[in-house]
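Notes for the structure review
The primary structure of each chain is shown beneath.
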Amino acid sequence: TQLRLELSDTVNTVASGTTNLSNDALWPDSQLINYLNWAEREFANRIQFYRDVTSVMTQIALVAGQTDYPLDPRILSVLSVQLNAPAGVANLSLWPMSYSEMDPGVKNDYDGVLMYPPAALNEPGSFPSTTPAPPTPQGWCTDKAVNTLTTFPAYSGVWPWATAPALNLRVTRLPINPMSANILTAVPGIPFQYHLALVWGAAWQALLTTDVDGYAPEQAASFQQRFEMEVLSARRDMMRKLRQKASVQVGSMGAW
C-alpha cells in the first residue's frame, strides 16, 4: 500500500517520530514545515524531478543586442531552448554550446559579418570563414555565469512576426511554492509513493537541531539512511522512464 500524505498528515507523522520520552512535541508545526520544505527541495535537487516548460520562469523575452539573460534561482538546469514562433510555424531549437565556443577568440564580429564556431553551428567539414549573422540566437549555454542563460548571437531586433520574440526553456527546477501552515490540505508535488521521503528528511533535520532537547544524532542518522534509500529508489524509477526503449523481436525465439 502506498501512502499519499497531505501536509497536516506529514507534519503529524514527523512530530510523532521526533517526540521526547515524555511525549512532548519539541518543535512547533511551523518549524516542522520548514524541515519538510527542506526535504522536498533536497529531493527535487537530487532527482531533478520537477521538469517544466510552462511556468513563467521558462519564458524569456528577447532584447535586441542582449546576449545574457538571468535565470530564476529555482531553476536547477536547462535541458533545451527553443525560439518561439506563431501558430503554424515550427519553433527553432537552439544549439547547446559551451561558453568557450562563444569566446571572442573563437568568433569574430567585424563590419556586420560574423564567423561562427564551426563545431557548433555549421555542417561538418569545410565552413565559410565569414557568415552574415542571423537575426535571432542560434545557440545557448549556461556556463558563463551562475543563473545566467547566454545566447549566441545576440538578437538583432529583426523579427518577421507580430508575436513578441521569446525563448521557451525546458528546465528542471525546485518546487515553485513552499508548503505552508496556511494550507494544511496541500499535497506535496513529488509522486505520492515518495511522500515518506519528506517525513524521513524532515525528521533527519529536526533531530540534528542542537538548541532543543530533541538533539539525537544517532536517530537522525537512521532517518537520513531512510531518506537516502528513497532518493536512490526514485532515481532508478526516473532513469527507467527517461531511458527505456521499446524493442520488438520477431521469430521463434522472440515475441512482441
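What you see is a predicted model; the values in this text were computed from it and never measured.

Taken N-terminus to C-terminus, the directions of helix α2 (residues 29-47) and helix α5 (residues 195-206) make an angle of 120°; their axes are 8 Å apart at the nearest point. Looking at the two axes, α2 sits oblique to α5. In this structure, the crossing between α2 and α5 has a hand that is right-handed. On α5, the residues touching L32, Y35, L36, W38, A39, E40, F43 and R46 of α2 are A197, L198, V199, G201, A202, W204, Q205 and A206.

This brings us to the sheet that holds strand β11 (residues 148-152). Taken in spatial order, the four strands make up an open sheet running β3-β11-β10-β6, and their pairing is mixed. Every interior strand has two partners, whereas the edge strands, β3 (68-70) and β6 (95-96), have only one. In the sheet, β6 pairs with strand β10 (residues 139-141) via two bridges, with the strands oriented parallel. Along β10, the bridge assignment pairs P96 with W140.

Turning next to α5. Between its terminal C-alpha atoms α5 stretches 17 Å, which fits the 16 Å expected from 12 residues at 1.5 Å a residue. All buried positions along α5 are accounted for by H195, A197, L198, V199, W200, G201, A202, A203, W204, Q205 and A206.

Moving on, we come to the nonpolar core. Generally speaking, nonpolar side chains in soluble globular proteins are found buried as a group. In terms of nonpolar packing, the biggest core is built from 30 residues, with F43 and F227 touching the most fellow members. Those elements that place two or more of their residues in this core are α2, α5 and α6 (217-243). Ignoring any residue separated from it by four or fewer positions in sequence, one finds F43 in contact with Q48, I190, Y194, A197, F227, E230, V231 and A234. With 17 residues, the next largest nonpolar core counts I60, V78, W159 and L167 among its residues.

Burial within strand β12 (residues 166-173) is extensive, with seven of its eight residues counted as buried. By the bridge criterion, three bridges tie strand β2 (residues 59-61) to β12 in an arrangement that is antiparallel. Paired with A61 across the strands is A166, a residue of β12. In this structure, strand β4 (residues 75-83) lies alongside β12, joined through seven bridges in antiparallel fashion. Within β12, the position partnered with L83 by the bridge is L167.

What follows concerns the environment of E218. Within the element layout of this structure, E218 appears in helix α6. Taking the C-alpha atoms as reference points, E218 and L208, 10 residues apart in sequence, are found 9.3 Å from one another.

Once that is clear, we can look at the packing of aromatic side chains. Using the criterion set out here, one finds six aromatic pairs in the structure. Here the aromatic rings of W204 and F227 are separated by 5.7 Å at their centres, their planes lie at 45°, and the arrangement is tilted. Highlighted residues: W204 in helix α5 and F227 in helix α6, separated in sequence by 23 residues. In this structure W204 comes out as buried when scored by relative accessible area, which is 10%. In this structure an aromatic cluster arises from ring pairing among W38, W204 and F227. Lying over the aromatic face of W200, R226 brings its terminal NZ or CZ to 4.9 Å of the ring centre.

Confidence along the chain averages 75 in pLDDT terms, with 70% of residues attaining 70 or more. Counting contacts from residues 18-24, a segment whose pLDDT is below 50, to residues more than four positions away or on other chains yields eight contacts. Taken together, the stretch residues 246-256 has pLDDT below 50 and engages in four contacts with residues farther than four places along the chain or on a different chain.

Here we take up the pattern of salt bridges. This structure, assessed with the given rule, holds five salt bridges. In this structure, E228 engages R46 in a salt bridge whose closest nitrogen and oxygen atoms are separated by 2.4 Å. Within this pair, whereas E228 is found in helix α6, its partner R46 is found in helix α2, the two being separated by 182 residues in sequence. With a relative accessible area of 24%, R46 lands in the partly exposed category. Through salt bridges with shared partners, a single network forms among E42, R46 and E228.

Definitions and limits used
Residues numbered from 1 in each chain as written. Predicted model: local features only at pLDDT ≥ 70, side-chain atom pairs only at ≥ 80, totals over all residues. Heavy atoms only, no water. Axes fitted to C-alpha atoms, helices over the stretch in contact; angles between N-to-C directions. Helix = DSSP H or I, 4+ residues; strand = E, 2+ residues; numbered from the N terminus. Parallel < 35°, antiparallel > 145°, perpendicular 65-115°, else oblique. Left-handed = near helix turned anticlockwise from the far one by under 90°. Contact = heavy atoms within 4.5 Å. Pairing = 2+ DSSP bridges. Expected span 1.5 Å × (residues − 1). Buried < 20%, exposed > 50% of the residue type's maximum accessible area, 1.4 Å probe, protein only. Core = buried A, V, L, I, M, F, W, Y, C linked by side-chain atoms within 4.5 Å. Phe/Tyr/Trp six-rings, centres within 6.5 Å; stacked < 30°, edge-to-face > 60°. Lys NZ or Arg CZ within 6 Å of the ring centre and 35° of its normal. pLDDT = per-residue confidence, 0-100. Salt bridge = Lys/Arg side-chain N within 4 Å of Asp/Glu carboxyl O.

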